[in-house]
Amino acid sequence: MNINLTLIGQVIAFFGFVWFCMKFVWPPIIAAMQEREKKIADGLAAADRASHDLELAQEKALERLKEAKHEAAGIVDSANKRAHQIVDEAKVAAQAEAERVKASARAEIEQETNRAREVLRSQVAALSLAGAEKVLGATIDQNAHADLVNKLAAEL
Amino acid sequence: MAGENQTVSDYIVHHLTNLTYGKLPAGYERYDGSIVGDGGAWVMAHGGTEAAAMGFTAIHVDSMAWSIGLGIVFSWMFYRVAKKASSGVPSGFVNAIEMIVQFVDNTVRDTFHGRNPLIAPLSLTIFVWIFLMNLMDLVPVDIVPELMMLLGVEYHKIVPSTDPNITFGMSIGVLILILFYSIKVKGFGFARELALNPFNHPLFIPVNLFMEIVGLLAKPFSLALRLFGNMYAGEMIFILIAALFSAGLAWMVPAGFLQIGWAIFHILVITLQAFIFMVLTIVYLSMAHEDH
């Protein structure tokens, strides 16, 4: 444990290694680390930005969706309205048609009835004439009693 | 383990003796009875007494070799990483090195508020180098000396930081930096600081000078002695535990437990000592940069 030249040797070695470290070791390592730090920070910032963008896009999409829904609802609404209208119109038309058909049927029935009545009446007139002829046993003068018979037929 | 005919104290002394190469003074009688001729002789010291007789003109070959070797290991390791350092994804080893660099950088940032490109690499060098030197303490105490013995090298101490020359060498390096930056930053203010602190009166200049210079010198002294003391004590305990193994079969088990326990505890100590040396260096240099 003597103090000797080792002391001087160590001082020289000390400065040598410190110089080496300062010249060749420290700067590249610390530069690389700082660069990486910056890269990571940039990456994180980009990720932040991207997530923010995503949020915005989602919001926009949601808005679009809402708009589209609204629009669709409007379309459906108007379509419904139109359908109702068409149905109503059809109903009215059908009702009118039905009335018309009913009316024509009624008119036809009436006509038939009248015709039948006319035929009946003429037949009754003929019958009653024939009956009267038989009852009287004599020929009734067609011309003399035509007024009477016609009156009778009209009463039927 | 030591030879059969060796006493425990021989064993301990052997383990605490550095491999010394130096100049023996003229007329010195060596261990084998030969007398050193005129002008002295540069030889490997045989034992502690010869090493002591060499005085200052000697060098601890083992301390120096391990210290520089570990410094080269440090430089090589970090240089390799520095060469392939990129801002891409770091792989395992690069990651580990960068963790250390980051740690040192943070410590420096927290403590040193000036702007000086030397401080951070200086701290990194101190931290890792001292850590590696201390780490040698965890190598079982007998392995390297025994191997060296087989190679014909008589003494070998592998923990450079248990050599006060090494620790003082580093702390003197720090002192030189403290003085350099004090003068560079404060100029004449540094002299005034030494002379007029703490008593700001011309009459007290000698007292102030004495106190401030003692205070200044205390910094490297405390740095060096703290590291040396801790590592020397740690190594001493390792050696004592190793000696305990030779005390008989019954002592093997407790000695084994002691060895493991102390080694685990020592992992903490070596890291802590490296860290303390680094932090105090930063603090001292930060003080050197600040004007009062």
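Residues numbered from 1 in each chain as written. Chains lettered and ligands numbered in written order. Predicted model: local features only at pLDDT ≥ 70, side-chain atom pairs only at ≥ 80, totals over all residues. Heavy atoms only, no water.

### A look at the sheet that holds strand 2 (residues 41-44) of chain B
Residues and elements named next belong to chain B. With antiparallel pairing, the three strands of this open sheet are ordered in space as 2-1-3. Whereas interior strands pair on both sides, the edge strands pair on one side only; in this sheet they are strand 2 and strand 3 (58-60). Between one strand axis and the next, the sheet turns through 15 degrees on average, direction left out of account. Pairing of strand 1 (residues 20-24) with strand 2, which is carried by four bridges, proceeds in the antiparallel orientation. Counted as the bridge partner of Tyr-21 is Met-44 from strand 2. (Pairing = 2+ DSSP bridges. Helix = DSSP H or I, 4+ residues; strand = E, 2+ residues; numbered from the N terminus. Axes fitted to C-alpha atoms, helices over the stretch in contact; angles between N-to-C directions.)

### Description of the pattern of salt bridges
As enumerated under the stated definition, the model contains eight salt bridges over all chains in all. Its salt-bridge partner being Lys-38 of chain A, residue Asp-42 of chain A comes within 3.4 Å of it at the nearest N-O pair. Within this pair, Asp-42 of chain A and its partner Lys-38 of chain A are both found in helix 1 (residues 5-136), separated by four residues, close to a single helical turn. On the basis of relative accessibility, which here comes to 54%, the residue Lys-38 of chain A falls in the exposed class. Lys-186 of chain B is paired through a salt bridge with Glu-193 of chain B; the nearest N and O atoms lie 3.0 Å apart. Using a relative accessible area of 10% as the deciding quantity, one classes Lys-186 of chain B as buried. We classify Glu-193 of chain B as buried; its relative accessible area is 15%. (Salt bridge = Lys/Arg side-chain N within 4 Å of Asp/Glu carboxyl O. Buried < 20%, exposed > 50% of the residue type's maximum accessible area, 1.4 Å probe, protein only.)

### Quick word on the layout of surface pockets
Here the largest pocket is characterised by a volume of approximately 260 Å³. Looking at the largest pocket, it is lined by 13 residues, and the ones nearest its centre are Asp-105, Val-108, Arg-109, Asn-116 and Ala-120 of chain B. Secondary structure elements with two or more residues in the lining of the largest pocket: helix 1 of chain A together with helix 4 (92-111) and helix 5 (119-135) of chain B. The residue inventory of the lining of the largest pocket, partitioned by class, reads seven nonpolar, three polar and three charged. (1 Å grid on protein atoms, 1.4 Å probe; cavity = no way out; pocket = protein on both sides within 12 Å on 5 of 7 lines; lining within 4 Å. Points joined across faces, edges and corners; volume = space filled by probe spheres on them. Nonpolar A, V, L, I, M, F, W, Y, C, P; charged D, E, K, R; others polar.)

### Some words on empty space enclosed by the protein
Residue and element names in this part refer to chain B. Scanning all chains against the criterion turns up one cavity of 30 Å³ or more. The volume enclosed by the largest cavity comes to roughly 90 Å³. Every residue lining the largest cavity is counted, 13 residues in all, and those nearest its centre are His-15, Val-141, Ile-158, Val-159 and Glu-235. Along the lines of polarity and charge, the residues of the lining of the largest cavity split into eight nonpolar, two polar and three charged.

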